[in-house]
Amino acid sequence: MNITKTNIDDLNAVIKLQIVKEDYESRVNDVLKDYRKKANINGFRQGKVPMGVIKKMYGTPVLADEVNKLLSDELMKYIRENDLKILGEPLPNETEQKEINWEKDTDFEFAFDIALTPEYTLNLSKRDKMTFFKIAVDEKMIENGVEMHARRFGSNEPTEVVEEKELLKGNYAQVDAEGKLVEEGITSEDVAISLEYMADEDAKKKFIGAKKGEVVVFNPAKAFANKTDLASMLSISKEEAENLDADFQFTITEITKFVNAELNQELFDKVFGEGTVSSEEEFKNRIKEDIEKQLVNDSDYKFLIDAKEKLVKKAKMELPEAFLKRWIIATNKEMNEEQVEKDFANYVDEFKWQLIKNRLTEENELKVEQEEVMEFAKQQALMQFQQYGMMEVPEEYLTNYAQQMMQNQEEQRRIYERMIDNKIVEFLKDAIKIEEQEVSTEEFNKMFE
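Source: prediction; values computed, not measured.

*Asks:* Would you mind going over the overall build of the protein chain with me for this structure?
*Replies:* The helix and strand tally for the protein chain stands at 15 helices and 11 strands. Here the C-alpha radius of gyration of the protein chain, 35 Å, is well above what a compact globule of 449 residues would show, namely 22 Å. Counting only C-alpha atoms and orienting by the principal axes, one finds that the protein chain spans roughly 95 × 75 × 45 Å. In the protein chain, which comprises 449 residues, the proportion classed as buried is 36%. Long-range contacts, defined as pairs at least 24 residues apart, comprise 71% of the intrachain contacts of the protein chain with a sequence gap of at least 6.

*Asks:* Looking at this structure, how should I read the packing of aromatic side chains?
*Replies:* Think of a pair of aromatic rings as described by two things: how far the centres are apart, and how the planes are tilted against each other in angle. All told, the structure shown has 14 aromatic pairs when counted by the stated rule. Joined through ring pairs, the aromatic side chains of Tyr172, Phe207, Phe218, Phe248 and Phe250 make up one cluster. The aromatic ring of Phe448 is capped on one face by Lys302, whose charged end is 5.7 Å from the ring centroid. Looking at Lys325, its charged tip hangs above the ring of Phe344, at a distance of 4.9 Å from the centre.

*Asks:* What is the right way to read the packing of helix H9 (residues 280–315) against helix H11 (residues 337–363) from this model?
*Replies:* Helix packing for two helices is described by the angle between their axes and how far apart those axes are. Close contact between H9 and H11 brings their axes to 10 Å; oriented N to C, the two are set at 95°. In terms of orientation, H9 and H11 fall into the roughly perpendicular class. The segment H9 lies against H11, with Leu304, Ala307, Lys308, Leu311, Val312 and Ala315 engaging Asp349, Glu350, Lys352, Trp353, Ile356 and Leu360. Partitioned by chemical class, the residues of the contact of H9 with H11 number 8 nonpolar, no polar and 4 charged.

*Asks:* What exactly am I supposed to notice about unusual backbone geometry here?
*Replies:* Phi at Asp83 is positive, roughly 50°, even though this residue is not glycine. Along the chain, the position of Asp83 falls in the loop between helix H2 (51–81) and strand E3 (86–92). The phi angle at Asn123 is positive, at roughly 50°, despite the residue not being glycine. Along the chain, Asn123 falls in the loop between strand E4 (108–116) and strand E5 (129–135).

*Asks:* Even after reading the chapter, I still don't get the pattern of salt bridges, so can you show me in this structure?
*Replies:* Pairing between side chains of opposite charge can happen when the charged atoms of each approach one another. Considering all chains together, one arrives at 31 salt bridges under this definition. One salt bridge in this structure joins Asp34 and Lys38, with 3.3 Å as the shortest N-O distance. Taken together, the residues Asp34 and Lys38, both in helix H1 (residues 21–38) and 4 residues apart, mark about one turn of the helix. With a closest N to O distance of 2.9 Å, Asp421 and Lys357 form a salt bridge. One end of the pair, Asp421, is in helix H14 (residues 409–431); the other, Lys357, is in helix H11, and 64 residues separate them in sequence. As far as the burial class goes, Asp421 and Lys357 line up, both buried.

*Asks:* Can you walk me through a negative patch on the surface in this structure?
*Replies:* A cluster of like negative charges, contributed by Asp138, Glu139, Glu442 and Glu443, occupies part of the molecular surface. Judged by its relative accessible area of 54%, Glu139 is exposed.

*Asks:* So what exactly am I meant to see when it comes to a nonpolar patch on the surface here?
*Replies:* Where nonpolar side chains cluster on the molecular surface, the patch consists of Tyr301, Ile305 and Phe448 and spans about 290 Å² of accessible area. Among the secondary structure elements, Phe448 is positioned in the segment after helix H15 (441–446). The class of Phe448 is partly exposed, set by a relative accessible area of 40%.

Scoring rules and cut-offs
- Residues numbered from 1 in each chain as written.
- Predicted model: local features only at pLDDT ≥ 70, side-chain atom pairs only at ≥ 80, totals over all residues.
- Heavy atoms only, no water.
- Helix = DSSP H or I, 4+ residues; strand = E, 2+ residues; numbered from the N terminus.
- Rg over C-alpha atoms; globule rule 2.2 N^0.38 Å.
- Buried < 20%, exposed > 50% of the residue type's maximum accessible area, 1.4 Å probe, protein only.
- Contact = heavy atoms within 4.5 Å.
- Phe/Tyr/Trp six-rings, centres within 6.5 Å; stacked < 30°, edge-to-face > 60°.
- Lys NZ or Arg CZ within 6 Å of the ring centre and 35° of its normal.
- Axes fitted to C-alpha atoms, helices over the stretch in contact; angles between N-to-C directions.
- Parallel < 35°, antiparallel > 145°, perpendicular 65-115°, else oblique.
- Nonpolar A, V, L, I, M, F, W, Y, C, P; charged D, E, K, R; others polar.
- Salt bridge = Lys/Arg side-chain N within 4 Å of Asp/Glu carboxyl O.
- Patch = residues over 30% accessible without salt bridge, like charges linked within 9 Å, V, L, I, M, F, W, Y side chains within 5 Å.
- Areas by Shrake-Rupley, 256 points an atom, 1.4 Å probe, with all protein chains shown as cover.
- Lys, Arg positive; Asp, Glu negative; His and termini not counted.
- Charge placed at Lys NZ, Arg CZ, Asp CG, Glu CD.

Written out as structure tokens, the structure reads:
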């Protein structure tokens with residue numbers, strides 16, 4: 001097999017492969033012999049079909065298949081052995097590719113376009129400057145954190161009078177326009193309703209000031225918009241709930257009010273572990289520290305966006321744009337030329353950034369070990385548990401949850417990419433000069449508008 005490469009310019013080249021009969025003949029014959037062993041054709045015993053019949057039936061498709069396999073293997077082998085740094089994947093040349101007649105040809109020539117990785121320099125040093133935006137933790141954030149923990153460990157306690165957000169239990173009974181019970185009307189007992197989620201303000205006002213044992217008449221279909229919840233509340237079908245428009249009397253049997261947990265040692269121990277925090281000041285400081293850790297991720301994300309813009313501009317690299325447009329369309333069937341042209345500037349920046357990321361990763365040995373991936377997955381799992389109020393989660397739970405996450409190949413790839421980004425951020429913080437600037441949450445958020 002003869003393989004040649006011709007450079008068109010610094011960014012584009014053509015690879016030609018000449019495949020002759022000696023290159024593929026034995027492969028094709030081996031496949032046809034295997035077909036002959038398995039062929040089940042009327043008039044012949046299995047394994048005894050003449051080879052001429054097999055060739056007539058399967059020769060051409062087998063030839064095309066084996067030549068294409070050989071072509072793919074040899075093309076990629078050539079690229080690998082010659083250490084060609086290419087963008088995307090080889091594409092059939094649109095002008096030099098000769099027409100192939102699989103029925104008659106015995107020798108074949110294929111031509112492929114390849115895009116070569118551009119030469120560029122970064123030369124990062126402390127002369128390169130970037131701003132790292134540190135988000136300030138204000139008192140409102142801390143108070144919101146205190147409120148979140150106090151509410152998470154709060155409880156419903158009995159109370160005498162309905163005020164605003166109480167949870168009520170009682171019995172429903174349908175009434176007519178005059179407020180009298182409807183004979184064989186809809187009834188439902190021991191139903192819980194929350195004033196906090198009642199949509200009808202007029203209905204809510206009727207409950208304010210009511211006491212245990214009192215009766216309130218209202219239209220639950222107007223008060224509660226969710227028809228599934230309404231159906232469950234009244235023990236009727238969803239279809240009936242969809243068409244319901246009637247008043248009901250609600251006899252209050254129980255009133256409870258949600259009360260936040262007190263800011264005391266019991267709460268401190270529940271949130272951060274026994275004996276870890278011993279005063280309200282320490283409690284707030286720990287909350288502040290946790291918020292700062294979370295905000296660092298946001299600051300790092302902004303820093304990475306800014307780094308991408310700066311380094312893409314600094315690299316001053318040229319790309320084989322015509323080839324890349326063809327490649328995008330070839331690998332994305334839903335894309336057309338108009339869409340590619342519209343978004344191509346973004347594609348170009350992404351190609352450039354990926355090249356820069358790859359170079360930073362390789363030259364500085366920014367590796368991600370499997371143990372690091374698992375630990376990161378466990379931290380992600382812990383954050384999810386904490387969203388539901390579980391601050392202390394057994395190690396075995398986190399490990400099992402992380403292992404389940406890692407079974408998803410897409411999730412594993414996402415975590416790997418996230419960790420590579422984190423390592424690049426840490427590398428850049430050390431390689432260039434960082435000027436830290438403290439900003440408020442509002443100022444930070446405006447940067448993304």
